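Here are the chains, one letter per residue:
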Amino acid sequence: MYAVNRSAQPARRDVLRAGAALATAAAAGLSAAGCAAGGGDGVSADGTVTIEMWHGQTDTGRKAVESLVASFMRSHPRIRVELGGGVLADAMLQKVTAALAAGSYPDIAYIFGSDLASVARSPQVVDLTDTVRHAPAPWTSYWEPSREAVTVNGQVRAAPALLDSLAVVCNKKLFRQAGLPLPEAGWRWHDFVATAKALTDAGGGRFGTGWPGVGDEDTVWRLWPMIWDLGGDVVAGDGKHIGFGDTGTRALEVVAALARDKSVYVDPKPGSEQMYQVFESGRMGMVVTGPWQLPDIQQAKIDHQVVPLPSFSGRPVTISGPDTWTVFDNGGARKRAAKTFVSWLIQPAQDVRWDIEAGSLPLSRRARDLPAWQHKESGTEGLGVFTKALDTARVRPVHAAYPQISQALGQAVVAVLLGRSSPAEALRACAADANAALLIPR
């Protein structure tokens with residue numbers, strides 16, 4: 001997501017960091033959740049059904065949700081949506097886990113896509129397959145990442161809530177000073193490494209690029225497009241091993257080259273705030289990021305250009321990290337009302353309002369084609385590159401072992417960034433831990 005300012009809502013880098021880390025701790029509690037309803041049928045004497053939504057937003061995001069809820073209730077007077085939860089999105093998994101264990105949970109909650117597989121183990125999570133297939137907008141018009149991120153074992157277990165993608169933002173002034181042409185679509189990772197080296201000025205405190213160095217999901221998800229481009233995958237076909245034994249090593253070699261050249265700023269703190277501050281202060285030539293960062297870059301008055309991610313093959317490839325609106329079963333009336341609301345919320349007319357007001361990319365091609373989004377895109381430098389990238393974006397698998405795989409790969413990336421291990425050594429250690437996690441019955 002991109003926000004109007006850093007306090008507007010949980011930044012996408014915080015979302016990524018928190019999602020994988022919390023899923024491991026929550027898995028046991030979710031699988032043990034009982035079958036008690038969340039409390040009350042929610043139907044008043046006049047037939048109005050009241051449902052509770054834990055939205056996880058603050059400031060700009062919260063205002064956008066409130067506006068959408070008000071519009072919905074005007075057109076659906078027999079459904080009342082109460083907003084609550086009391087926590088931001090990065091603490092939602094813990095709160096929902098505790099609520100499920102206690103038998104008192106909301107009707108709808110904002111759940112990170114990387115957490116859905118763990119949450120969906122609860123029998124209280126509603127299957128939305130029929131709901132989305134009979135929605136007014138054809139399900140096939142939604143971007144593939146929107147659909148894949150909410151599908152678990154062939155069933156749609158949530159509604160898509162947010163969509164993004166990764167690309168490279170370049171500081172045009174630093175490129176001019178270094179006498180370098182700006183990258184173009186189709187460039188390769190060896191071009192990225194060479195460009196980062198040429199942009200670096202150690203004496204002047206200028207870096208070619210940056211990379212999160214904490215080992216969290218923000219560190220990891222930048223590597224998956226490389227692995228996919230090389231033919232690898234997160235989990236092998238047999239489901240018992242990682243699918244990036246060789247391709248992961250080659251991807252880590254790019255990281256190692258940046259580290260050897262001293263052209264990469266390694267952010268030592270969670271959230272990647274320092275990395276972005278270096279870029280926005282004009283001391284970094286390129287940063288791999290998503291559309292959520294554009295407002296801050298514009299506010300910093302960085303003359304910038306957005307280009308697609310490089311690749312090994314020349315084919316376009318990127319990653320998207322969608323999040324979800326997950327529906328819980330609190331009885332027939334509340335469940336029907338919650339399904340009605342999320343079905344309405346993800347339709348193009350509402351989706352484009354959410355995208356513009358709270359910060360996201362369109363969930364569907366129909367939303368992208370609406371005049372309101374076209375106006376927003378044309379007035380925001382580089383935003384169209386992120387939208388176009390959705391054509392070739394992939395998502396991390398909705399797999400219960402993903403948090404452990406991510407943690408193991410994050411440690412490998414950091415070891416290479418800091419020169420503690422070679423790519424091959426780091427990948428072997430990663431494989432040992434990740435393969436062990438994949439063998440745990442779930």
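Draft legend 1. Geometry of the environment of R260. Along the chain, the position of R260 falls in helix α11 (residues 245–260). R260 sits 170 residues away from C430 along the chain, and the two C-alpha atoms are 21 Å apart.

Draft legend 2. Quick look at helix α19 (residues 402–417). Taking 1.5 Å of rise per residue, 16 residues should cover 22 Å, and α19 covers 22 Å from first to last C-alpha, within 8% of that figure. The buried fraction of α19 amounts to 14 of the 16 residues, a majority that puts the element mostly inside the structure. Positioned one or two residues after α19, G419 has a phi angle of 70°, which is positive.

Draft legend 3. How the structure looks around the nonpolar core. Formed by 116 residues in total, the largest nonpolar core has its most connected members in L223, W224, W325, F341 and L409. Counting residues per element, this core draws most heavily on α19, which supplies eight residues. With near-sequence residues (within four places) excluded, W325 lies in contact with M53, H55, I108, A109, Y110, A158, A159, P160, A161, V342, L345 and W354. M92, Y105, I111 and V119 belong to the second largest nonpolar core, which has 12 residues in total.

Draft legend 4. The arrangement of the pairing of strand β7 (residues 167–171) in detail. Counting buried positions along β7 yields five of five residues, so the element is predominantly enclosed. Covered by surrounding structure in β7 are A167, V169 and N171 together with V168 and C170, the residues of both alternating faces. Note: β7 against strand β12 (residues 286–289), four bridges, orientation antiparallel. Of the residues in β12, the one forming a bridge with A167 is T289. By the bridge criterion, four bridges tie β7 to strand β13 (residues 304–307) in an arrangement that is antiparallel. Each bridged residue has a counterpart across the sheet, and for C170 the counterpart in β13 is Q305.

Draft legend 5. How the structure looks around the sheet that holds strand β6 (residues 159–162). Strand order in the open sheet formed by five strands is β2-β1-β3-β15-β6, and the pairing between neighbours is mixed. Only two strands of the sheet have a single partner each, and these edge strands are β2 (79–84) and β6. On average, each strand axis in the sheet is tilted by 30° relative to the strand beside it, whichever way the strands run. With respect to the sheet, helix α2 (residues 60–75) is in contact with β1 (49–54) and β2, its orientation differing from that of β2 by roughly 165°.

Draft legend 6. Representation of the side chain of Q293 within the structure. Looking at the element boundaries, Q293 is found in the loop between β12 and α13 (294–299). With a relative accessible area of 0%, Q293 lands in the buried category. At a separation of 3.4 Å, a polar atom in the side chain of Q293 contacts the side chain of W292.

Draft legend 7. Local environment of the environment of D41. Structurally, D41 can be placed in the loop between α1 (12–31) and β1. Sequence-wise, D41 and N330 are 289 residues apart; in three dimensions their C-alpha atoms are separated by 7.0 Å. If near-sequence neighbours (up to four positions away) are discounted, D41 is found in contact with A333 and R334.

Draft legend 8. Inspection of the layout of surface pockets at higher detail. Empty space within the largest pocket amounts to approximately 270 Å³. As for the largest pocket, its lining consists of 18 residues, and the residues nearest its centre are A185, P308, P316, A389 and T392. Ranked by residue count, the leading element in the lining of the largest pocket is helix α18 (residues 383–389), at three residues. Its residues assigned to classes, the lining of the largest pocket comprises 10 nonpolar, five polar and three charged.

Draft legend 9. Main features of the pattern of salt bridges. According to the stated counting rule, one finds 13 salt bridges in the structure shown. Here E66 and R62 are joined by a salt bridge, their closest N and O atoms 3.1 Å apart. Taken together, the positions of E66 and R62, both in helix α2 and four residues apart, correspond to about one turn of that helix. According to the relative accessible area criterion, E66 is partly exposed, its value standing at 35%. In this structure, the salt-bridge partner of R176 is D303, at a minimum N-O distance of 3.5 Å. Here R176 is found in helix α7 (residues 172–177), whereas its partner D303 is found in the loop between α13 and β13, with 127 residues between them in sequence. Using a relative accessible area of 53% as the deciding quantity, one classes R176 as exposed. Given the relative accessible area of 37%, D303 is considered partly exposed. Sharing partners across several salt bridges, the network here consists of K172, R176 and D303.

Draft legend 10. The packing of aromatic side chains, seen in detail. All chains considered together, the criterion is met by 14 aromatic pairs. Between the aromatic rings of W221 and W292, the centroid separation amounts to 6.2 Å while the plane-to-plane angle is 25°, which identifies the pairing as stacked. Here W221 is found in the loop between α9 (217–220) and α10 (224–229), whereas its partner W292 is found in the loop between β12 and α13, with 71 residues between them in sequence. Taking the relative accessible area as the measure of exposure, W292 reaches 4% and is therefore buried. Connected via pairs of aromatic rings, a cluster forms that spans Y110, F112, W325 and W354. Just above the ring of W54 sits the side chain of K95; from NZ or CZ to the centre is 5.1 Å.

Cut-off values and rules
- Residues numbered from 1 in each chain as written.
- Predicted model: local features only at pLDDT ≥ 70, side-chain atom pairs only at ≥ 80, totals over all residues.
- Heavy atoms only, no water.
- Helix = DSSP H or I, 4+ residues; strand = E, 2+ residues; numbered from the N terminus.
- Expected span 1.5 Å × (residues − 1).
- Buried < 20%, exposed > 50% of the residue type's maximum accessible area, 1.4 Å probe, protein only.
- Core = buried A, V, L, I, M, F, W, Y, C linked by side-chain atoms within 4.5 Å.
- Contact = heavy atoms within 4.5 Å.
- Pairing = 2+ DSSP bridges.
- Axes fitted to C-alpha atoms, helices over the stretch in contact; angles between N-to-C directions.
- Polar contact = N/O pair within 3.5 Å; in protein donor to acceptor, adjacent residues only side chain to side chain.
- 1 Å grid on protein atoms, 1.4 Å probe; cavity = no way out; pocket = protein on both sides within 12 Å on 5 of 7 lines; lining within 4 Å.
- Points joined across faces, edges and corners; volume = space filled by probe spheres on them.
- Nonpolar A, V, L, I, M, F, W, Y, C, P; charged D, E, K, R; others polar.
- Salt bridge = Lys/Arg side-chain N within 4 Å of Asp/Glu carboxyl O.
- Phe/Tyr/Trp six-rings, centres within 6.5 Å; stacked < 30°, edge-to-face > 60°.
- Lys NZ or Arg CZ within 6 Å of the ring centre and 35° of its normal.

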